[in-house]
Amino acid sequence: MKKKFILIIAFLFISATYAQKNKLNLLIGTYTQGCDSKGIYVYDFDSKTGDFNLKNTSAPTVNPSFLTVSNDNKFVYAVNEFGSKSSVSAFSYDASSAQLQLLNTQPSEGADPCHIITDGPNVMVANYSGGSITVFKKKSDGSLSAANQLISHKGKGPNTQRQEGPHVHMLHFSPDKKYALATDLGTDTVTLYAYNPNSEKDVLTQTAVVAVKSGSGPRHLTFSPNGKYMYLLQELTAALSVFEYGNGQLKLIQETSLLSPDFKGSFSAADLHFSLDGKFLYASNRGEANTISIFKVEKNGLLKGQEHQSSLGKGPRNFVIDPSGNFLLVGHQYTNEVVVFKRNKKTGSLTATGEKISLCAPVCLVFTKQ
């Protein structure tokens, strides 16, 4: 009887340990002014079953529309997108309890920051309306110093409504962290900056400007897992461009589109992410499209369109694939929900699970360890 009891206890312990390995934290950044939202929400997510539940929320913070997490999983940095009064916030982050504690807030020094990245010593922000990049140094407690570098882009594009001036939309490190790449929707360019992490004033130094098709509006980019190719999504034309990448140089090798040949409605390309194995690339499209496009990635880096999956909501601005690769979650800005899809790892296809996380204007999804 005693032996049987010990076996039961051991089984329960192993089961609990196994279940815990599947658990992740899902951080969701939102817009807070159009509906009722505190700001940042943390959900418990099971990467085996797709189950979720709310664990915690931040104290009220204005429009944390994009988030990034420090490499040690101890700090979260958020933009506060609020016109000329925009700022950047630093939070301490206890992953096990999902507690977020505001450390400090600094002016973004540019209107409407919409993207943020971090590494060891620096936090860098893309200011959309400001058309600029702001670099902050981290203090020893994870809080932010005042801005120590501000880079202003110049120029405009042919679309008078959307490209009347520069609009920096994203920052992305190169795979070797030697460069930071900035997309500019307003000037139809991707600018490469040499990254000098320990410099006090010149953390970013411009090395090259790559022009793309006039009026295309570069929005987001990503690199293949092997680091050999860069993929650029253009908001205004829904074009998806493929570049060979090496030593801070880009060479265009393919242009394709998120749009099916018979699509006639409005569109607005938004986000793109690779599957962890690098075999599939996914991209979201808003407007009347509201789709996730799935591309198969060939060995030479070129893309082959596979299918267009309805995102099952309006305004799929941001999406994320969980680290196991089992699920893809789409945040819908306009229908106030995160839709959970099951992902077929072999084919890349998505199947609706019927599960949705309902909350105000979810526009940034980030997974972390617990």
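The structure displayed is predicted, hence computed values, not measured ones. (Residues numbered from 1 in each chain as written. Predicted model: local features only at pLDDT ≥ 70, side-chain atom pairs only at ≥ 80, totals over all residues. Heavy atoms only, no water.)

**A few points about the pairing of strand E28 (residues 362-369)**
Where burial is concerned, most of E28 is hidden: 7 out of the 8 residues are buried. Relative to E28, strand E1 (residues 23-30) is paired through 7 bridges, and the arrangement is antiparallel. Looking at the pairing, leucine 26 lines up with phenylalanine 367 of E28. (Buried < 20%, exposed > 50% of the residue type's maximum accessible area, 1.4 Å probe, protein only. Helix = DSSP H or I, 4+ residues; strand = E, 2+ residues; numbered from the N terminus. Pairing = 2+ DSSP bridges.)

**Quick look at the nonpolar core**
Formed by 25 residues in total, the largest nonpolar core has its most connected members in Leu27, Leu67, Val76, Tyr77, Leu100, Ile116 and Leu144. Where this core is concerned, the elements lending two or more residues are strand E2 (40-46), strand E4 (67-69), strand E5 (75-80), strand E6 (87-94), strand E9 (122-127) and E28. A per-element tally of this core places E5 first, with 5 residues. With near-sequence residues (within four places) excluded, leucine 27 lies in contact with Tyr41, Val42, Leu67, Val69, Val76, Tyr93, Cys364, Leu365, Val366 and Thr368. (Core = buried A, V, L, I, M, F, W, Y, C linked by side-chain atoms within 4.5 Å. Contact = heavy atoms within 4.5 Å.)

**With respect to the packing of aromatic side chains**
Within this structure, the stated rule accounts for 6 aromatic pairs. Within the aromatic cluster, the residues linked to one another by ring pairs are Phe45, Phe327 and Phe367. Its end group placed over the ring of phenylalanine 173, lysine 177 keeps NZ or CZ at 4.7 Å from the ring centre. Over the ring of phenylalanine 327 we find lysine 342, and its NZ or CZ is 5.3 Å from the ring centre. (Phe/Tyr/Trp six-rings, centres within 6.5 Å; stacked < 30°, edge-to-face > 60°. Lys NZ or Arg CZ within 6 Å of the ring centre and 35° of its normal.)

**What to know about the sheet that holds strand E7 (residues 99-107)**
Across the sheet, 4 strands lie side by side as E4-E5-E6-E7; this open sheet has antiparallel pairing. Across the chains shown, the open sheet's two edge strands, defined by having one partner strand only, are E4 and E7. Ignoring which end each strand starts from, the neighbouring axes of this sheet average 20 degrees apart. Strand direction decides the pairing type here: E5 and E6, joined by 6 bridges, are antiparallel. The residue bridging phenylalanine 75 from the neighbouring strand is serine 92, located in E6. (Axes fitted to C-alpha atoms, helices over the stretch in contact; angles between N-to-C directions.)

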